[in-house]
Amino acid sequence: MIIPPFSSEPALDFGQASNRTDFQAALRRVEARLGARYPLLIGGEPVDTSESIESYNPAHPHQLVGSHAVADPSHVDRAVQTGWEAFPAWSRTPVEERALLLLRAAEVIRQRRHELGALMVYEVGKPWDEADGEAAEAVDLMEWYARQALGLAARDQMSPWPGEATQFRYIPLGVGGVISPWNFPLALTTGMTTAALVSGNCVILKPAETASTTAAWLVEILHQVGIPRGALSLLSGRGEVAGEALVDHPQIRFVAFTGSKEVGIRIYERAAKVHPGQRWLKRVQLEMGGKNAVVVDETADLDLAALDITRSAFGFQGQKCSAGSRAVVVSSVYDDLLPRVVELTKRIRMGDPVDPDVGLGPVIDGDAEEKILDYLQVGRDEGELLTGGGRAEGEGHFIEPTIFAGVAEGARIATEEIFGPVLAVVRARDFEDGIRIANQTEYGLTGSYFSRDPERIAYAKERLHVGNLYINRRSTGAQMGVHPFGGFNMSGTDTKAGGPDYLLFFLQGQSVAEKL
Ligand code: NAD
């Protein structure tokens with residue numbers, strides 16, 4: 001099978017009138033489909049339940065995006081059995097066929113890019129460019145994993161041995177659970193699910209409650225292109241019920257999770273327990289939160305730094321694991337840089353993200369709003385409020401982009417993940433102190449360093465302990481297949497989505513030696 005080398009899906013330019021018109025039309029088409037009912041899909045069989053999870057538009061909390069059936073442990077059990085029934089045939093399906101299905105799914109997403117983007121505008125409040133970028137990322141992930149699977153199947157780098165025919169190959173693990181977050185409901189769900197599938201595993205997907213509709217659309221696409229229905233079950237449901245039952249199930253071979261640190265740690269602990277009847281140690285991948293620093297020294301291009309601090313902190317309302325939620329600025333340029341960041345922040349237009357000019361939409365739901373508002377109170381004690389600081393107008397969950405300056409490096413708003421549009425600014429003595437401060441949280445996901453000094457840049461590359469380090473650019477916007485993504489320390493198990501080794505998590509190596 002010959003496929004062209006990987007190349008990233010280009011970003012769409014919404015400055016072009018035709019792209020704007022097309023996206024607008026997609027928003028209208030998708031709006032007409034909002035409010036549908038989605039059953040569980042167990043081995044392709046739709047299963048409805050009397051209980052519902054309702055996903056609402058965070059900009060208009062009364063607008064129902066989708067109503068979803070709710071899985072309980074008995075559904076988990078059925079889905080696991082179905083997965084094992086499908087596993088022998090799916091795991092023996094040639095990798096070329098499995099890779100082809102991913103490429104087909106990537107093509108469908110390419111064709112329906114505007115529609116999927118529009119759905120995320122309604123379901124999670126993504127501004128247009130963020131929603132579109134996410135659809136492109138889903139395409140990239142499948143294009144990348146299809147090629148990686150083919151490469152791994154062809155790889156046998158072991159030495160020959162006289163008198164034996166030897167082989168080292170990768171085989172799939174079995175049936176696993178994928179538990180995904182709401183903030184990248186298409187891309188991250190696609191990434192974990194299709195990486196597992198292309199490696200020959202069967203998947204039970206438990207998506208985040210607040211983004212269940214995007215996940216349902218994705219599963220529909222994957223089934224349509226030919227992923228066997230038994231190989232992919234969809235269990236919408238609550239994390240503490242369906243998610244936990246999935247993690248605890250003795251016949252689950254692996255869990256791929258992206259979400260918060262608290263839930264990740266809980267999954268790690270629970271998955272370690274060996275239950276009666278369990279014949280393996282579960283493999284667990286956890287991609288968790290971050291408290292990412294953007295360090296700026298006195299040699300930096302301050303306009304660029306100000307722009308990228310603002311974009312890193314407030315892109316998608318600060319609800320990215322990679323968000324630059326701390327700016328660490330050396331003292332000598334602190335008073336010069338800050339007004340520029342504040343000025344850019346004040347220019348961000350807030351509102352309903354169906355409007356193409358909106359740069360900052362709502363936060364995901366009432367719970368997030370409350371949590372962020374609590375942090376704004378904490379921030380008032382811990383720093384000087386430069387802009388924002390409260391709810392913004394509108395019926396949705398709108399919070400003003402907020403900057404606190406003069407924050408101590410150990411303060412709560414400088415060390416805890418807030419997951420909202422809140423930036424804490426910390427003053428550093430010099431660049432070394434800045435890099436030290438950047439390393440002072442328990443996380444280690446992304447980080448940026450702005451400097452024009454090559455020696456300092458080399459120093460930062462050695463010492464800034466994060467999974468994704470960016471020099472003179474923002475901390476968000478990793479390209480799959482280009483910037484493998486995943487963090488250190490409490491940011492997770494560093495499996496590096498979109499990287500060269502990611503599929504190995506879903507595979508086990510087998511050595512076969514035959515005496516000649
Ligand atoms: P979350 O932890 O609340 O939920 C994630 C998923 O876990 C959801 O599907 C949820 O239903 C499920 N879940 C909740 N409780 C569970 C339990 N007890 N057992 C099993 N599953 C359970 O996270 P979220 O709010 O959806 O996402 C935001 C978080 O995700 C942030 O912390 C963010 O930094 C992180 N994130 C990390 C990455 C990364 O690549 N490192 C990427 C995106 C998001």
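Now for a description of the structure that goes with this document.

Thresholds applied
Residues numbered from 1 in each chain as written. Predicted model: local features only at pLDDT ≥ 70, side-chain atom pairs only at ≥ 80, totals over all residues. Heavy atoms only, no water. Helix = DSSP H or I, 4+ residues; strand = E, 2+ residues; numbered from the N terminus. Rg over C-alpha atoms; globule rule 2.2 N^0.38 Å. Buried < 20%, exposed > 50% of the residue type's maximum accessible area, 1.4 Å probe, protein only. Areas by Shrake-Rupley, 256 points an atom, 1.4 Å probe, with all protein chains shown as cover. Lys, Arg positive; Asp, Glu negative; His and termini not counted. Charge placed at Lys NZ, Arg CZ, Asp CG, Glu CD. Core = buried A, V, L, I, M, F, W, Y, C linked by side-chain atoms within 4.5 Å. Domains from an automatic or database assignment. Contact = heavy atoms within 4.5 Å. Pairing = 2+ DSSP bridges. Axes fitted to C-alpha atoms, helices over the stretch in contact; angles between N-to-C directions. Near = heavy atom within 4 Å. Polar contact = N/O pair within 3.5 Å; in protein donor to acceptor, adjacent residues only side chain to side chain. Nonpolar A, V, L, I, M, F, W, Y, C, P; charged D, E, K, R; others polar. Expected span 1.5 Å × (residues − 1).

1. Let's talk about the overall build of the chain
Logical step 1: Within the chain, the secondary structure is distributed over 15 helices and 21 strands.
Logical step 2: Taken over the C-alpha trace, the chain has a radius of gyration of 23 Å; the compact-globule value for 516 residues is 24 Å, and the two agree within 12%.
Logical step 3: Each of the three principal axes of the chain carries a C-alpha extent, and together these read 75 × 60 × 50 Å.
Logical step 4: Sorting the 516 residues of the chain into buried and exposed places 59% on the buried side.
Logical step 5: Summed over all atoms, the accessible surface of the chain reaches about 20,300 Å², with 51% contributed by carbon and sulfur.
Logical step 6: Each charge class in the chain can be summarised by its mean position, and for the 50 positive and 68 negative side chains these summaries are 4 Å apart.

2. Side note on the nonpolar core
A general feature of soluble globular proteins is that nonpolar side chains tend to end up buried together.
Logical step 1: In this structure, Tyr-145, Ile-227 and Leu-503 are the most contacted members of the largest nonpolar core, which totals 137 residues.
Logical step 2: In terms of residues, this core owes the most to one element, helix H5 (residues 128–153), which gives 13 residues.
Logical step 3: In this structure, this core is formed jointly by two domains, domain 1 (37–155 + 172–288 + 494–515) and domain 2 (293–479), each of which donates at least three residues.
Logical step 4: Not counting residues within four places of it along the chain, the set of residues in contact with Leu-503 comprises Tyr-145, Gln-148, Ala-149, Leu-152, Ala-195, Val-198 and Ser-199.
Logical step 5: Phe-314, Ala-327, Val-341 and Leu-344 belong to the second largest nonpolar core, which has 25 residues in total.

3. Concerning the sheet that holds strand S13 (residues 326–330)
Logical step 1: Pairing in this open sheet of 7 strands is mixed, and the strands run S14-S15-S16-S13-S12-S18-S19 from one edge to the other. Pairing within the sheet leaves two strands with one partner each, and these edge strands are strand S14 (384–387) and strand S19 (468–471). On average, each strand axis in the sheet is inclined to that of its neighbour by 20 degrees, with strand direction left out of account.
Logical step 2: Looking at chain direction, strand S15 (residues 402–405) and strand S16 (residues 422–428) are connected through 3 bridges and run parallel. Among the inter-strand pairings, Ile-403 is bridged to a residue of S16, identified as Leu-423.

4. Topic: the site of the ligand
Logical step 1: Inspection of the region around the ligand gives 29 residues, with Lys-206, Glu-244, Ser-260, Met-288 and Glu-417 positioned closest.
Logical step 2: Between an oxygen atom of the ligand and a main-chain N or O atom of Gly-259, the distance comes to 3.2 Å.
Logical step 3: About the coverage of the ligand: the protein hides 90% of its 850 Å² of free accessible area.
Logical step 4: Only helix H8 (239–248), strand S10 (254–258) and helix H9 (261–272) provide two or more residues apiece to the shell around the ligand.
Logical step 5: Broken down by element, the residue count for the shell around the ligand peaks at 4 residues, all from H8.
Logical step 6: Split by residue class, the shell around the ligand holds 14 nonpolar, 8 polar and 7 charged.
Logical step 7: There are two domains that each give the shell around the ligand at least three residues, and those are domain 1 (37–155 + 172–288 + 494–515) and domain 2 (293–479).

5. Brief notes about the sheet that holds strand S4 (residues 52–57)
Logical step 1: Taken together, 3 strands build an open sheet; the order of strands is S1-S5-S4 and the sheet is mixed. With one partner strand each, in any of the chains shown, strand S1 (36–38) and S4 form the two edges of the open sheet. Between one strand axis and the next, the sheet turns through 35 degrees on average, direction left out of account.
Logical step 2: Pairing of S1 with strand S5 (residues 60–69) involves 3 bridges; the strand directions are parallel. Of the residues in S5, the one forming a bridge with Ala-36 is Gly-66.
Logical step 3: Against the sheet, helix H7 (residues 212–225) touches S1, S4 and S5, its axis set at about 45 degrees to S5.

6. A look at helix H10 (residues 302–314)
Logical step 1: For H10, spanning 13 residues, the distance from its first C-alpha to its last is 18 Å, which sits close to the expected 18 Å at 1.5 Å a residue.
Logical step 2: Restricting attention to buried positions, one finds in H10 the residues Leu-302, Ala-305, Ala-306, Asp-308, Ile-309, Thr-310, Ser-312, Ala-313 and Phe-314.
Logical step 3: Its buried side turned inward, H10 meets strand S12 (293–296), S13, helix H11 (331–347), S15, S16 and strand S18 (446–450).
Logical step 4: Of the residues that open H10, the one with a side-chain oxygen 3.1 Å from the backbone nitrogen of Asp-303 is Asp-301.
Logical step 5: Once H10 ends, the next one or two residues include Phe-316, with phi positive near 45 degrees.

7. Examining the side chain of Thr-213
Logical step 1: Structurally, Thr-213 is set in helix H7.
Logical step 2: Of the polar contacts made by the side chain of Thr-213, one reaches the side chain of His-68; its length is 2.8 Å.
Logical step 3: With residues near it in sequence (within four places) discarded, Thr-213 still touches Tyr-38, Ser-55, Val-65, Gly-66, His-68, Leu-119 and Glu-123.

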